[in-house]
Amino acid sequence: MSEAGTATDTIVFWGAGTMRTLRPIWTAEELGVEYRLMPIGPRTGETKTPAYTRLNPKQKVPCMEQGELVLTESLVISRYLIDRYGTSETLASPRGAVARAQEAEWLSYLYGELDETSLYVMRRHRDLASVYGDAPAAVASSRDYAARHFAVVAKALGERPFLLNDRLNLADILLVTCIDWALHYDFELPESLVRYRNELAARPAYRRAFDVNYRSTKEQR
């Protein structure tokens, strides 16, 4: 039996068409890692088939399988790819306790306050109101909450090209996808965040990932 995640195992990504599915695809493109995409959508019934449920009982996307290894969270998938395939010329994990803690703080903050607590609440009770219920007050308060934390991020970022040090990091991939999400919801973001997002979105790997993530599905974010 081969070790899960050996170099000979094909990487398969399940899921396309959302900001969360964009993250591992973008990471793989930055790393030059080959993968196969199964572009199932989160609201198409494809995540509830018996076969997919056996693979991922959460019935959500994204999901990555490589041999016997199955990962089902966008940041964990991306971290695994960076840890396994990253180099000093592409993406690399931070070295040293301080650098790792600084990255972990950004990841925890951005995911907890922007992705999960505010933007996804807006998605649930706006885009998916037929599933989760229409809740205008929750959408409005989540929008205000996200705007407040985007302002905190903008102040911390300043005019730097990246959140940490002088190179692209997993925290940047998370933040850019959150900014994309906010722009899709017509947020008026600080100019520094828009500049930062546009510069990173001009990267060839981002453009390839964006095309791969959205060309196979009609669902937008």
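Before reading further, recall that the structure is shown in the block above.
These remarks concern the structure in this document. Computed from a predicted model, the values in this text were never measured in an experiment. (Residues numbered from 1 in each chain as written. Predicted model: local features only at pLDDT ≥ 70, side-chain atom pairs only at ≥ 80, totals over all residues. Heavy atoms only, no water.)

## As for the pattern of salt bridges
Evaluation of the coordinates by the stated rule reveals 12 salt bridges. Between E73 and K58 there is a salt bridge whose closest N-O contact spans 2.8 Å. Highlighted residues: E73 in the loop between β4 (69-71) and α3 (74-85) and K58 in the loop between α2 (50-55) and β3 (63-66), separated in sequence by 15 residues. Assessed through its relative accessible area of 35%, E73 is described here as partly exposed. A salt bridge links D83 to R79, with the nearest nitrogen and oxygen atoms 3.7 Å apart. Of this pair, D83 and R79 both sit in helix α3, 4 residues apart, which is roughly one turn of the helix. The exposure class assigned to R79 is buried, which follows from its relative accessible area of 18%. (Salt bridge = Lys/Arg side-chain N within 4 Å of Asp/Glu carboxyl O. Helix = DSSP H or I, 4+ residues; strand = E, 2+ residues; numbered from the N terminus. Buried < 20%, exposed > 50% of the residue type's maximum accessible area, 1.4 Å probe, protein only.)

## Considerations on helix α6 (residues 136-157)
At 3.6 residues per turn, the α-helix brings residues three or four places apart onto the same side. For α6, built from 22 residues, the straight-helix expectation of 32 Å at 1.5 Å per residue is met to within 8% by its first-to-last C-alpha distance of 31 Å. Taken together, the buried positions of α6 are V139, S142, A146, H149, F150, V153, A154 and L157. Buried residues of α6 fall within an arc of 150° about the axis and therefore sit on the same side. The exposed residues of α6 that point more than 90 degrees off its buried face are A137, D144, R148 and K155. On its buried side, α6 packs onto α4 (97-127), α7 (170-184) and α8 (191-201). Note on α6: the residue one or two positions beyond its end, G158, has a positive phi of about 65°. (Expected span 1.5 Å × (residues − 1). Arc of directions from axis to C-beta. Contact = heavy atoms within 4.5 Å.)

## Looking at the packing of aromatic side chains
Evaluation of the coordinates by the stated rule reveals 7 aromatic pairs. Taken together, a centroid distance of 4.5 Å and an interplanar angle of 55° make the contact between F210 and Y214 tilted. Remark: Y214 and F210 occur in helix α9 (residues 204-215); sequence separation between them is 4 residues, near one turn of the helix. Judged by relative accessible area, which is 26%, F210 ranks as partly exposed. By relative accessible area, Y214 is classed as buried at 8%. In textbook terms, an aromatic cluster arises when at least three aromatic residues are bridged by ring pairs, as seen for W26, Y206, F210 and Y214. Stacked on the ring of Y120, the Lys or Arg R20 has its end atom at 4.4 Å from the ring centre. (Phe/Tyr/Trp six-rings, centres within 6.5 Å; stacked < 30°, edge-to-face > 60°. Lys NZ or Arg CZ within 6 Å of the ring centre and 35° of its normal.)

## Here's the deal with the sheet that holds strand β1 (residues 11-14)
Pairing is mixed across the open sheet formed by 4 strands, whose spatial order is β2-β1-β3-β4. Unpaired on one side and paired on the other, β2 (36-38) and β4 mark the two borders of the sheet. Along the sheet, successive strands turn relative to each other by an average axial angle of 20°, direction set aside. Of the pairings in the sheet, the one linking β1 to β3 comprises 4 bridges and is antiparallel in character. Paired with W14 across the bridge in β3 is C63. Most of the contacts of α3 go to β3, to which it runs at about 35°, and overall it touches β1, β3 and β4. (Pairing = 2+ DSSP bridges. Axes fitted to C-alpha atoms, helices over the stretch in contact; angles between N-to-C directions.)

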